[in-house]
Structure formats: C-alpha cells, structure tokens
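# Results of the structural survey
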Amino acid sequence: MSDLLRVSDFHVKFATIDGPVHVLRGVDLAIGVQERVAVVGESGSGKSVTARAILGLLPASKTQVSGSIIFQGAELTRLSERKYRALRGRAISMIFQDPTAALSPVFPVRSQLRRIVARDGGRLGEAAIEEKMRQALVDVSIADPERVLDSYSFQLSGGLNQRVMIAASLMNRPSLLIADEPGTALDATVQEQSLRVMERLSEAHGTAILFISHNLGVVRRFAHRVYVMYAGRIVEAASTAEIFTNPRHPYTRLLLASVPRLGSTDLPLGIEGSIPDYHEEPAGCPFIPRCPAAIALCTAPVVMRSISESHSVACVSESAQE
Ligand SMILES: Nc1ncnc2c1ncn2[C@@H]1O[C@H](COP(=O)(O)OP(=O)(O)O)[C@@H](O)[C@H]1O
Ligand SMILES: [Mg+2]
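Reading the values: rules and limits
Residues numbered from 1 in each chain as written. Chains lettered and ligands numbered in written order. Predicted model: local features only at pLDDT ≥ 70, side-chain atom pairs only at ≥ 80, totals over all residues. Heavy atoms only, no water. Core = buried A, V, L, I, M, F, W, Y, C linked by side-chain atoms within 4.5 Å. Buried < 20%, exposed > 50% of the residue type's maximum accessible area, 1.4 Å probe, protein only. Contact = heavy atoms within 4.5 Å. Phe/Tyr/Trp six-rings, centres within 6.5 Å; stacked < 30°, edge-to-face > 60°. Helix = DSSP H or I, 4+ residues; strand = E, 2+ residues; numbered from the N terminus. Lys NZ or Arg CZ within 6 Å of the ring centre and 35° of its normal. Salt bridge = Lys/Arg side-chain N within 4 Å of Asp/Glu carboxyl O. Near = heavy atom within 4 Å. Polar contact = N/O pair within 3.5 Å; in protein donor to acceptor, adjacent residues only side chain to side chain. Areas by Shrake-Rupley, 256 points an atom, 1.4 Å probe, with all protein chains shown as cover. Nonpolar A, V, L, I, M, F, W, Y, C, P; charged D, E, K, R; others polar.

Let us now look at the nonpolar core. Counting residues in hydrophobic clusters, the biggest one holds 94 residues, and the most contacted among them are L176, I178, M198 and L216. Apart from residues no more than four positions distant in its own chain, L176 is found in contact with L4, L5, I31, F71, A91, I92, S93, T207, A208, I209 and L210.

Here is the structure:
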C-alpha cells in the first residue's frame, strides 16, 4: 500500500520551567491511502502530541522537533504556517475529544459549518453552500438538518454534536482524518454509533483515518492496523487481528488484559505504575520498571524489529520471541 502519511524518527522536546521534556522519542508510523490506523496507549504516552505535530499545531516557540513527516509527498516539518492553514480542514482534518467544547457556543451550527465550507476555497453560490451543509448532516444520519443548522451546540445532545463534528471534519473530503479520542466524553453506545458513521463515510469518501484511543477494545472493529505507543515511542505495530491474537510486547498484553469484557463483572486490571518522567532519558526500554518480563538485556537501547511482514515489536524479552 502506498503511504499517504509517513512519520519517521520524529522527536519533540518542549521547553518547560522545569527544563526540557523529551516527549516524543523517535516515532515511526505510516498510513496508507484509505487505511484506518489506530494509535493506542495510556494517557500521557504522546498520542495527542503526535496528532498535533502532524497538524502543525505545536507551540513553535517552545518546541524543538526533529525527524520527518511526509504527507502526500510533501515534507510537513518545513511547511510555512500559511501553507499549513491551507492544508488543515481540507486535505487533513481533525476531530477532538469533546465535541461540545470543539464547537463554539456563540455561533449557530450553520455559521460554523459555513466557515468550513469556505475553507475549501471554491466559490459556491448561496444555494450550493446550503445544500452542501444539509447533505453533510444527512450523511451522518441527522434526520432534521434544518433544525440542527439553526441550533447552537448547547441546544444539542452530546451525540448530535459529535455527528456535527464528524460532518464538519469530512465535509471537504479530506484525504486524512485525525480523530483524537473522539467521543470519549460520550457514553459507550453513542461512541460506538459515531465510530460506525465515521467508518461508513471514510469508506464512501476514501478518507484515511488516524484514530487515537487509550482503549484497545474500541479499536478492535474499527482499525485495519494498530500502533501501540508507550512513553513517546511506538513499541508494537501490527494488523488489528495480529495485535489481538498474537500480542508480543508485555505492555500490549497488559493493555489487552485491561480491556473490560462484555458480560464480565471482573474489574479490568489496569497496569500498575505510571509512564516514566519525560525529563529523564533512560538508555534502555522505558517499560522496565513495570514489566513482568524484564531481563538484563532490556537496559540496552531498544529498536523495533520485524517478526513478520505485518508485525514488529520493540522488545527483547522472551515473551516477544515466542
Ligand atoms: N505544550 C506542552 N508542554 C509541555 N509538555 C507537554 C505539552 N503538551 C504535552 N505535554 C506532555 O507530553 C506528554 C504526552 O502528552 P499527550 O500527547 O497529550 O499524551 P496522550 O497520549 O494522553 O495524548 C505528557 O506528559 C504531557 O504532559
Ligand atoms: Mg491525548
């Protein structure tokens, strides 16, 4: 599959009052045209920073980056802000975690969608703009688009706002949609429904999706491939089926064990401990302090190695060799 997006050896350091934090430590990931790819990992592992880096939304003055982000053949790390603005909302768009916060409370849905239509650059007439907005809402299964266009976000349910966000993000037919924990603030049924809508539309429009989640269970029926992220690095990458049936990294296994099962009354285990402090630069695997399989070799620098054509892992312990 040809790459739509390729992030290579990507590093991000933020200047903070406590000194520099090295938050992304050599991220490598790729998304093919029309592919749905998930990035999963605990809170704080660097998922949103990765998303914001791709969108050129990191605070320039406080951020030091290195590595490469190639999108449709162009190097994004060298793109001017003007060119980035032309890209965002058109070729690449984004859905955020909380739809109600992402929509403005002071403008009705109509005027917010209208601004997004305008970003596409075309000079549509009044009737065509109205029709495009109405159709976008119908596409996300909104039965009464006129009422929704006339509403303010606070007048709509979380689920409806989420659909409006999805409509807005796909209205200009982007090649890539970045969905950062979409609908995490909503209940599970609404979240599941909005994933189905995203899936259907991305297939109809040929949009690739970079789907970010802390929950492996949610990505299972949605993503073609999964990247597992830990402490600013990708630690395992595989097809979704492989991740669920043949996880190799001890961290991936613990993440899977902490997915609540339908019908089970057992509480998910969670993973003891927390992600290491980004001020420190451990030489070896950052998961050692929490890892049930750690061995002496783990203190050497870790690299990703392929175990099959569609599966690689950054672990030297025995559990990764089996
Ligand atoms: N602008 C910033 N300045 C300093 N640290 C930041 C900044 N943005 C994010 N971080 C830190 O980077 C780490 C990864 O954050 P993030 O990507 O948001 O994690 P998540 O995987 O939960 O989305 C966290 O420790 C966070 O505090
Ligand atoms: Mg996040």
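On we go.
Counted according to the given criterion, the structure contains five aromatic pairs. With a centroid separation of 4.9 Å and 50° between ring planes, the pair formed by F211 and F222 is classed as tilted. Taken together, the positions of F211 in strand β8 (residues 208–213) and F222 in the loop between α9 (216–219) and β9 (225–230) put the pair 11 residues apart, joining distant regions of the chain. On the basis of relative accessible area, F222 is assigned to the buried category, the value being 2%. Ring centres of Y251 and F287 lie 5.2 Å apart, and the angle between their planes is 70°; this geometry places the pair in the edge-to-face category. With Y251 in helix α11 (residues 250–257) and F287 in the loop between α11 and β11 (305–308), this pair connects stretches of sequence that are 36 residues apart. Exposure remark for Y251: the relative accessible area of 0% places this residue in the buried category. A residue is classified by how much of its surface remains accessible, and F287, at 1% relative accessible area, is buried. Three or more aromatic residues joined by ring pairs make a cluster, and in this case those are Y230, Y251 and F287. Across from the ring centre of F107, 5.9 Å away, lies the NZ or CZ of R115, which sits over that ring.

In this model, S141 sits at a positive phi of 65°, which is unusual for a non-glycine residue. Tracing the chain through its elements places S141 in the loop between α5 (126–139) and α6 (145–150). Residue classification places S141 among the partly exposed positions, given a relative accessible area of 46%. Of note, E181 is a non-glycine position whose phi angle comes to about 45°, a positive value. If you trace the backbone, E181 turns up in the loop between β7 (176–180) and α8 (188–205).

Right, let's get into the pattern of salt bridges. Enumeration over the complete set of coordinates arrives at 18 salt bridges. When the shortest N-O distance is used, the salt bridge between R110 and E146 registers 3.2 Å. With R110 in helix α4 (residues 109–119) and E146 in helix α6, this residue pair connects regions lying 36 residues apart in the sequence. Look at the salt bridges and you will find they share partners, linking R36, E192, R196, E199, E203 and R221 into a network.

Near ligand 1, the surroundings consist of 13 residues, among which G44, G46, K47, S48 and V49 are the closest. Note that an oxygen atom of ligand 1 is positioned 2.7 Å from one of the backbone N or O atoms of G44. S48 is positioned with one of its side-chain polar atoms (N or O) 2.9 Å from an oxygen atom of ligand 1. Alone, ligand 1 offers 560 Å² of accessible surface; in the complex the protein occludes 67% of this. Elements with a contribution of two residues or more to the shell around ligand 1: β1 (3–16) and α1 (47–54). Tallying contributions element by element places α1 first for the shell around ligand 1, with four residues. A per-class count over the shell around ligand 1 returns four nonpolar, six polar and three charged.

Shape descriptors only; they carry no functional weight alone.
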